[in-house]
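Geometric and topological summary
Each chain, written out:
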Amino acid sequence: MAGEWREKADYYIAFPDAAVDRIVPIQEHEDVLKVTVEPYFEWVIDRSAMIEGHRQIDGVKYVDALEPYIERKLFTVNTGHCTAAYHGYLEGCDTIQDVMKDSRLKAEVLNVLLETGSLLTSKYHWDEKKHRKYINKMLLRFTNSRLSDDVVRVGRSPLRKLSLNDRLVRPALQAHRLGMNIPHLTSAIAAALLFDYDKDEEAVFLQNAIRKTGIHEVITDHMGIPHKHAIHQQIVDSYAALKESYAALK
Ligand SMILES: NC(=O)C1=CN([C@@H]2O[C@H](COP(=O)(O)OP(=O)(O)OC[C@H]3O[C@@H](n4cnc5c(N)ncnc54)[C@H](O)[C@@H]3O)[C@@H](O)[C@H]2O)C=CC1
Ligand SMILES: O=P(O)(O)OC[C@H]1O[C@](O)(CO)[C@@H](O)[C@@H]1O
């Protein structure tokens, strides 16, 4: 961009980081512009990167520190949602709403969120009761029977979801570093490693990698958790247990 345009762009345009939270399932309507969404939404923007004197957008929360909002959302909404998807997939559920109707699976999701909740409340010194209310609200969103959300959509791209900085491994490593036990998070990671949906390119790649190089290599190379790290073996054990218990269903 040259000259006058560049100056205008510098004056009028900014690219602040933001956290966006609203569940949008795959849908087909006659009117292609129609989108059905849940009533809940959260849009948080890093104020420091906004242009001075900017117009406030209704419904946006402007904050000085975005990281706690990002981690609250990523470790609760995203971690919980994909836990429901991966365990639900193994159990043969089609939708997240079906998963949440199964009391054992719902408890698994809650237990994961209690683990990430302990991490978040201890890391950011948040009020535990208030965070528990947030967890309950997120569980209600997954249960919303007016939306139908496929487990294979929510579980899509397992390699990305299993990467070091994403919703599963990042809270697991942080919680472990703080000395917390995380059996449900490691079980969710193991369930993700068993996601073998053949229409998802990353799931196909992941399953091929496990077949070719073995589970240890995948955890080391794709997830960045070295062999000697304590949670590496926990994931392997959980993977073996889940694989065995679901073998009969395959
Ligand atoms: N669906 C949801 O509930 C939420 C989604 N998001 C984020 O919003 C983004 C979009 O999500 P969805 O609409 O659910 O995904 P989607 O898979 O339904 O739509 C993505 C669209 O992007 C197109 N696309 C992919 N790569 C492209 C490329 N290189 N150039 C141009 N177009 C490309 C695809 O063809 C597809 O039409 C993702 O980053 C997702 O993480 C965030 C919050 C909620
Ligand atoms: O699955 P992706 O591609 O990470 O997209 C963001 C995800 O965040 C959610 O809003 C909550 O988990 C999902 O609806 C959506 O799938």
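Residues numbered from 1 in each chain as written. Chains lettered and ligands numbered in written order. Predicted model: local features only at pLDDT ≥ 70, side-chain atom pairs only at ≥ 80, totals over all residues. Heavy atoms only, no water.

1. A look at the packing of helix H4 (residues 103-124) against helix H9 (residues 183-193)
- Taken N-terminus to C-terminus, the directions of H4 and H9 make an angle of 120 degrees; their axes are 8 Å apart at the nearest point. In terms of orientation, H4 lies oblique with respect to H9. For the element pair H4 and H9, the recorded crossing hand is left-handed. On the side of H4, the interface is formed by Glu108, Asn111, Val112, Glu115 and Thr116, while H9 contributes Pro183, His184, Leu185, Ser187 and Ala188.
- Residue composition of the contact of H4 with H9, by class: four nonpolar, four polar and two charged. (Axes fitted to C-alpha atoms, helices over the stretch in contact; angles between N-to-C directions. Helix = DSSP H or I, 4+ residues; strand = E, 2+ residues; numbered from the N terminus. Parallel < 35°, antiparallel > 145°, perpendicular 65-115°, else oblique. Left-handed = near helix turned anticlockwise from the far one by under 90°. Contact = heavy atoms within 4.5 Å. Nonpolar A, V, L, I, M, F, W, Y, C, P; charged D, E, K, R; others polar.)

2. A look at H9
- Here H9 lies mainly inside the structure; nine of its 11 residues are buried.
- Here H9 has its buried residues at Leu185, Thr186, Ser187, Ala188, Ile189, Ala190, Ala191, Ala192 and Leu193. (Buried < 20%, exposed > 50% of the residue type's maximum accessible area, 1.4 Å probe, protein only.)

3. Some points on the site of ligand 1
- Around ligand 1, the structure places Arg22, Ile23, Val24, Arg153 and Arg156.
- Within the backbone of Val24, an N or O atom sits 2.8 Å from an oxygen atom of ligand 1.
- A distance of 3.2 Å separates a nitrogen atom of ligand 1 from a polar side-chain atom of Arg153.
- In the shell around ligand 1, the residues fall into two nonpolar, no polar and three charged. (Near = heavy atom within 4 Å. Polar contact = N/O pair within 3.5 Å; in protein donor to acceptor, adjacent residues only side chain to side chain.)

4. A few points about the nonpolar core
- Counting 62 residues, the largest nonpolar core has Ile189, Leu193 and Met223 as its most contacted members.
- Ranked by residue count, the leading element in this core is helix H2 (residues 67-91), at nine residues.
- Beyond its immediate chain neighbours, meaning those up to four positions away, Met223 contacts Leu162, Leu164, Val169, Ile189, Leu193, Val218 and Ile235. (Core = buried A, V, L, I, M, F, W, Y, C linked by side-chain atoms within 4.5 Å.)

5. Thoughts on the packing of aromatic side chains
- According to the stated counting rule, one finds five aromatic pairs in the structure shown.
- Consider the rings of Tyr11 and Tyr12, whose centres lie 4.9 Å apart with planes at 90 degrees: the pair is edge-to-face.
- Ring geometry for Tyr124 and Trp126: centres 5.1 Å apart, planes at 20 degrees, overall stacked.
- Among the residues examined, Trp126 registers a relative accessible area of 26% and is labelled partly exposed.
- Stacked on the ring of Trp5, the Lys or Arg Lys8 has its end atom at 5.5 Å from the ring centre.
- Positioned over the ring face of Tyr134 is Arg72, at 4.0 Å from the centre of the ring. (Phe/Tyr/Trp six-rings, centres within 6.5 Å; stacked < 30°, edge-to-face > 60°. Lys NZ or Arg CZ within 6 Å of the ring centre and 35° of its normal.)

6. Overview of the pairing of strand E1 (residues 18-21)
- Residues Ala19 and Asp21 line the buried face of E1, whereas the alternating positions Ala18 and Val20 sit on a face that is not buried.
- With four bridges connecting them, E1 and strand E2 (residues 42-46) associate as antiparallel partners. By the bridge assignment, Val20 is partnered in E2 with Trp43. (Pairing = 2+ DSSP bridges.)

7. Section: the site of ligand 2
- Around ligand 2, the neighbouring residues are Ile23, Val77, Asn78, His81, Arg153, Arg156, Arg160, Lys161 and Arg167.
- Asn78 is positioned such that a nitrogen or oxygen atom in its side chain is 3.0 Å from an oxygen atom of ligand 2.
- Contacts to ligand 2 include Arg160, whose side-chain N or O atom sits 2.7 Å from an oxygen atom.
- For ligand 2, whose free accessible area comes to 380 Å², the fraction covered by protein is 85%.
- Counting only elements with at least two residues in the shell around ligand 2, the list comes to H2 and helix H7 (158-161).
- Element by element, the count of residues in the shell around ligand 2 is highest for H2, at three residues.
- In the shell around ligand 2, the residues fall into two nonpolar, two polar and five charged. (Areas by Shrake-Rupley, 256 points an atom, 1.4 Å probe, with all protein chains shown as cover.)

8. Concerning the sheet that holds E1
- An order of E1-E2-E3 is seen for the three strands of this open sheet, with the pairing classed as mixed. For this open sheet the edge positions go to E1 and strand E3 (60-63), each flanked by a neighbour on one side alone. Within this sheet the neighbouring strands show an average axis-to-axis angle of 15 degrees, counted without direction.
- Of the strands in this sheet, E1, E2 and E3 touch H2, which is tilted by about 30 degrees from E1.

9. A closer look at the domain arrangement of the protein chain
- The assigned domain composition of the protein chain is domain 1 (2-63) and domain 2 (67-246).
- Between the C-alpha centres of domain 1 and domain 2 there is a distance of 28 Å.
- With 18 residues of domain 1 in contact, the opposing surface of domain 2 contributes 16 residues.
- Taking both sides of the interface into account, the surface hidden between domain 1 and domain 2 amounts to around 1300 Å²; carbon and sulfur atoms contribute 64%.
- The largest share of the area that domain 1 buries against domain 2 comes from Ile23, Pro25 and Tyr40, three residues that together contribute 36% of it. (Domains from an automatic or database assignment. Buried area = accessible area lost by both parts, 1.4 Å probe.)

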